[in-house]
Amino acid sequence: MQPKDAAEDIVIAGAGLAGLAAALGLHRKGVRSLVLESSPSLRASGFAFTTWKNAFRALDALWVGDKIREQHLQAWALRVVASATGEIVREADFTKQGKRGPLEIRCVRRDLLLQALEEELPKGAIRYSSKIVSIEEDGNIKILQLADGSVLRAKVLIGCDGINSVVAKWLGLAKPSYSGRSAARGLAHYPDGHGFEPKFLQFVGHGFRSGMLPCNETDIYWFFTWTPSEHDKGVDESASKLKQFVLDKLRGSKVPEEALAVIDKSEMSDVLAAPLRFRPPL
Ligand SMILES: Cc1cc2nc3c(=O)[nH]c(=O)nc-3n(C[C@H](O)[C@H](O)[C@H](O)COP(=O)(O)OP(=O)(O)OC[C@H]3O[C@@H](n4cnc5c(N)ncnc54)[C@H](O)[C@@H]3O)c2cc1C
């Protein structure tokens, strides 16, 4: 006799931020779901996100906002500097009371955010090493074929499987488009404290946009976005080449030495680049 396919009411594809947040949102409402993740464990690599007030409202709704607040510094201010001249072109005080209260901005470490969401989910809510390879429909039921040969039948399928989503492909959504820009990112770790104020510093112009912001007392997140040219081919071949490329670009501008030192301080394993891609909404 053929083994019966497993069945679930709600399946979420992908245990990234979107998948875990969707699962936790359902859990808080008393609704069970199963998250299928292709990797053998939580993909907690990466660096950080500048997380604004609207994101904190979402995290509060999931009851993890305060945990994230405890782990990260609140940014007081923004300073935007023209990279070509060193002039301050914009300053904003986040502590001032605006129409909707003060702006809450923190630079949240990706690993801590993923872990905070995962910890709140009930045991067994995430099934790792479970890559969805194809989707078919049987009436209202979605039949999910997994890479390990198993089959799962789901009443509801929620696609949170990232930029190369199989769910989006199955739905016939447009392919993500390339913005023409790439982003290099890194994290500088200072075990004895970095001593920087929690200010969001940005450098614009001169062919790039770059910025940095402390996450907590020991980590500073930075990014560098640019439009790669033929000339830049191969700069992302290794972390050391990429870091050198970013430093060379910044050294040719009026970005201050203390900002360059932050990037220089990043471990090689803590520097990565990726093309910035965008999926248009439905
Ligand atoms: C490892 C990593 C590091 C990142 N670091 C940063 C950063 O430092 N700063 C920043 O601004 N952005 C970063 N990003 C991008 C950022 O996390 C995402 O753009 C954003 O969070 C969108 O999240 P998401 O949950 O929609 O998608 P993702 O975060 O891409 O999550 C999708 C998940 O689905 C899983 N998946 C994919 N296909 C399948 C399948 N067929 N079956 C089952 N599971 C599948 C993937 O393994 C992944 O865990 C990173 C992304 C990743 C994956």
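Residues numbered from 1 in each chain as written. Predicted model: local features only at pLDDT ≥ 70, side-chain atom pairs only at ≥ 80, totals over all residues. Heavy atoms only, no water.

Engineer: What is the right way to read the domain arrangement of the chain from this model?
Structural biologist: Splitting the chain by domain gives domain 1 (6-52 + 112-171) and domain 2 (75-104 + 177-278). Between the C-alpha centres of domain 1 and domain 2 there is a distance of 32 Å. Contact residues are listed per partner, giving seven residues for domain 1 and 13 residues for domain 2. In total, about 890 Å² of surface goes out of reach between domain 1 and domain 2, with carbon and sulfur atoms giving 76% of it. If you sort the residues of domain 1 by the area they bury against domain 2, Phe47, Thr50 and Trp52 come out on top, with a joint share of 64%. Counting across the domain 1 and domain 2 interface gives zero salt bridges. Connecting domain 1 to domain 2 are zero residue pairs in polar contact (both at pLDDT 80 or more). Considered class by class, the residues forming the side of domain 1 that touches domain 2 number four nonpolar, three polar and no charged. (Domains from an automatic or database assignment. Contact = heavy atoms within 4.5 Å. Buried area = accessible area lost by both parts, 1.4 Å probe. Salt bridge = Lys/Arg side-chain N within 4 Å of Asp/Glu carboxyl O. Polar contact = N/O pair within 3.5 Å; in protein donor to acceptor, adjacent residues only side chain to side chain. Nonpolar A, V, L, I, M, F, W, Y, C, P; charged D, E, K, R; others polar.)

Engineer: Help me understand the site of the ligand, please; the structure alone is not making it clear to me.
Structural biologist: Neighbouring the ligand are 23 residues; Ala18, Glu37, Arg43, Phe47 and Ile132 lie closest to it. For the ligand, an oxygen atom lies 3.1 Å from a polar atom in the backbone of Leu17. A distance of 3.0 Å separates an oxygen atom of the ligand from a polar side-chain atom of Arg43. Within the complex, 75% of the 930 Å² of free accessible area of the ligand lies under protein. Along the lines of polarity and charge, the residues of the shell around the ligand split into nine nonpolar, eight polar and six charged. (Near = heavy atom within 4 Å. Areas by Shrake-Rupley, 256 points an atom, 1.4 Å probe, with all protein chains shown as cover.)

Engineer: Help me out: how do you make sense of the nonpolar core in this one?
Structural biologist: Met212, Trp222, Phe224, Trp226, Val246 and Leu250 are the most contacted members of the largest nonpolar core, which totals 23 residues. Listing elements by their share of this core, those giving two or more residues are strand S11 (177-189), strand S12 (199-205), strand S13 (208-214), strand S14 (219-226), helix H6 (239-251) and helix H7 (257-265). Here this core takes five residues from H6, the largest share from any one element. Counting 21 residues, the second-largest nonpolar core is a separate cluster that includes Ala23, Leu24, Leu114 and Leu117. (Core = buried A, V, L, I, M, F, W, Y, C linked by side-chain atoms within 4.5 Å. Buried < 20%, exposed > 50% of the residue type's maximum accessible area, 1.4 Å probe, protein only. Helix = DSSP H or I, 4+ residues; strand = E, 2+ residues; numbered from the N terminus.)

Engineer: What's the story with the packing of H6 against H7 in this structure? I'm lost.
Structural biologist: A pair of packed helices is characterised by two quantities: the angle between their axes and the separation of those axes. Between H6 and H7, the least distance of the axes is 10 Å, while the angle of their chain directions is 175°. In this view, H6 runs roughly antiparallel relative to H7, as classed from their interaxial angle. On H7, the residues touching Lys243, Val246, Leu247, Leu250 and Arg251 of H6 are Leu260, Ile263 and Asp264. Taken together, the residues of the contact of H6 with H7 break down into five nonpolar, no polar and three charged. (Axes fitted to C-alpha atoms, helices over the stretch in contact; angles between N-to-C directions. Parallel < 35°, antiparallel > 145°, perpendicular 65-115°, else oblique.)

Engineer: How do you make sense of the sheet that holds strand S10 (residues 151-159) when you look at a structure like this?
Structural biologist: Sheet strands pair by backbone hydrogen bonding; their relative direction is either parallel or antiparallel. Pairing in this open sheet of six strands is mixed, and the strands run S7-S2-S1-S10-S9-S8 from one edge to the other. The strands lining the two open edges of the sheet, one partner per strand, are strand S7 (126-127) and strand S8 (132-138). Bridge count between strand S1 (residues 6-13) and S10: seven bridges; the pairing is parallel. Counterpart to Ala6 in the pairing with S10 is Leu152. Strand contacts of helix H1 (residues 17-28): S1, strand S2 (34-36), S7 and S10, with the helix running at about 125° to S1, the strand carrying the most contacts. (Pairing = 2+ DSSP bridges.)

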